[in-house]
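Chain residues, written in single-letter form:
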Amino acid sequence: MKEIKAIIQPFMLTRVVTALHKIEGLPGITISDIKGFGKSKGKKSSLSEIPPEARENDNDEGIYEFVPKVKIEIVVLDEIAEQIVDTIQQNAHTGNTGDGKIFVVDVEEVVKIRTNERNKDAV
Ligand SMILES: Nc1ncnc2c1ncn2[C@@H]1O[C@H](COP(=O)(O)OP(=O)(O)OP(=O)(O)O)[C@@H](O)[C@H]1O
Ligand SMILES: [Mg+2]
């Protein structure tokens, strides 16, 4: 079992989810509004935009803004993991910086609370 964690641009979510819905065997999706930064280390805001009481110091070192993103989390059987990764990559892609990333992680155990089923039966 794999967990696919994708961080995408919020305005690409509808397109990505519409494409994921067409995949047979998709067991579920968790979505969160998150924020973060990539290689750009966040857009710097100018010191004058920050109220004096919120300033940590008077130079503009360490003043960064986090960029809003959406995180999609999907746990699936190994067989369809690659198809899901491809679908997200193709439908979240604009070609611009900040398009996001997809992480694939091994999942050790899944428990379905209602039935106490485990692992493949529970995904
Ligand atoms: N290595 C990482 N670990 C955790 N989160 C990350 C990582 N890289 C990117 N992110 C998250 O993904 C979001 C989008 O990253 P982004 O696409 O800007 O990456 P990048 O490496 O800067 O690529 P690009 O050059 O296309 O901007 C970030 O805001 C952050 O939330
Ligand atoms: Mg970036």
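Provided above is the structure to which this section pertains.
Before going into details, it helps to say that this report is about the structure given with it. (Residues numbered from 1 in each chain as written. Chains lettered and ligands numbered in written order. Predicted model: local features only at pLDDT ≥ 70, side-chain atom pairs only at ≥ 80, totals over all residues.)

### A word on the overall build of the protein chain
Link 1 in the chain: The helix and strand tally for the protein chain stands at two helices and four strands.
Link 2 in the chain: Starting at the N terminus and walking to the C terminus, you meet the elements of the protein chain as β-α-β-β-α-β.
Link 3 in the chain: Within the protein chain, the fraction of its 123 residues that count as buried is 11%.
Link 4 in the chain: Pairs at least 24 apart in sequence give 74% of the contacts found in the protein chain among residues at least 6 apart. (Helix = DSSP H or I, 4+ residues; strand = E, 2+ residues; numbered from the N terminus. Buried ≥ 20, exposed ≤ 12 C-beta atoms within 10 Å, placed from the backbone. Contact = placed C-beta atoms within 7 Å.)

### Examining the packing of helix α1 (residues 13-21) against helix α2 (residues 78-91)
Link 1 in the chain: Look at α1 against α2: their axes get within 9 Å of each other, and the N-to-C directions meet at 150°. The handedness of the crossing between α1 and α2 comes out as right-handed. From α1, R15, V16, A19 and L20 reach across to α2, where they touch I84, T87, I88 and N91.
Link 2 in the chain: Class assignment for the residues of the contact of α1 with α2 results in five nonpolar, two polar and one charged. (Axes fitted to C-alpha atoms, helices over the stretch in contact; angles between N-to-C directions. Left-handed = near helix turned anticlockwise from the far one by under 90°. Nonpolar A, V, L, I, M, F, W, Y, C, P; charged D, E, K, R; others polar.)

### Some points on the sheet that holds strand β2 (residues 30-36)
Link 1 in the chain: If you walk across this open sheet you meet the four strands as β2-β3-β1-β4, and the pairing is antiparallel. With one partner strand each, in any of the chains shown, β2 and β4 (100-106) form the two edges of the open sheet. Each strand of the sheet is rotated relative to its neighbour by a mean of 20°, with strand direction disregarded.
Link 2 in the chain: One ladder, built from seven bridges, connects β2 with strand β3 (residues 67-76); its direction is antiparallel. By the bridge assignment for β3, S32 is matched with K71.
Link 3 in the chain: Against the sheet, α2 contacts β1 (2-8), β3 and β4, and its axis sits at roughly 5° relative to β1. (Pairing = 2+ DSSP bridges.)

### Here we look at the site of ligand 1
Link 1 in the chain: Inspection of the region around ligand 1 gives 13 residues, with I7, G36, G38, K39 and T97 positioned closest.
Link 2 in the chain: Every element with two or more residues in the shell around ligand 1 is listed here: β3 and β4.
Link 3 in the chain: Its residues assigned to classes, the shell around ligand 1 shows three nonpolar, six polar and four charged. (Near = placed C-beta within 6 Å.)

### Comments concerning the pairing of β3
Link 1 in the chain: With seven bridges joining them, β1 and β3 adopt antiparallel strand pairing. The partner of I8 across the bridge, within β3, is V70.

### Examining the environment of E3
Link 1 in the chain: One can find E3 in strand β1.
Link 2 in the chain: According to the C-beta neighbour criterion, E3 is partly exposed, with 16 such atoms within 10 Å.
Link 3 in the chain: C-alpha separation for the pair E3 and V104, spaced 101 residues apart in sequence, amounts to 5.7 Å.
Link 4 in the chain: Residue contacts for E3: discarding those within four places in its chain leaves E73, V75, V105 and V107.

### A look at the pairing of β1
Link 1 in the chain: In the sheet, β1 pairs with β4 via seven bridges, with the strands oriented antiparallel. When the sheet's bridge partners are listed, E3 is paired in β4 with V105.

### Remarks on unusual backbone geometry
Link 1 in the chain: A positive phi angle, close to 65°, is found at N116, a residue other than glycine.
Link 2 in the chain: Counting through the fold element by element, N116 comes out in the segment after β4.
Link 3 in the chain: Using a count of 9 C-beta atoms within 10 Å as the deciding quantity, one classes N116 as exposed.
Link 4 in the chain: At N119, a residue that is not glycine, the phi angle is positive and equals roughly 55°.

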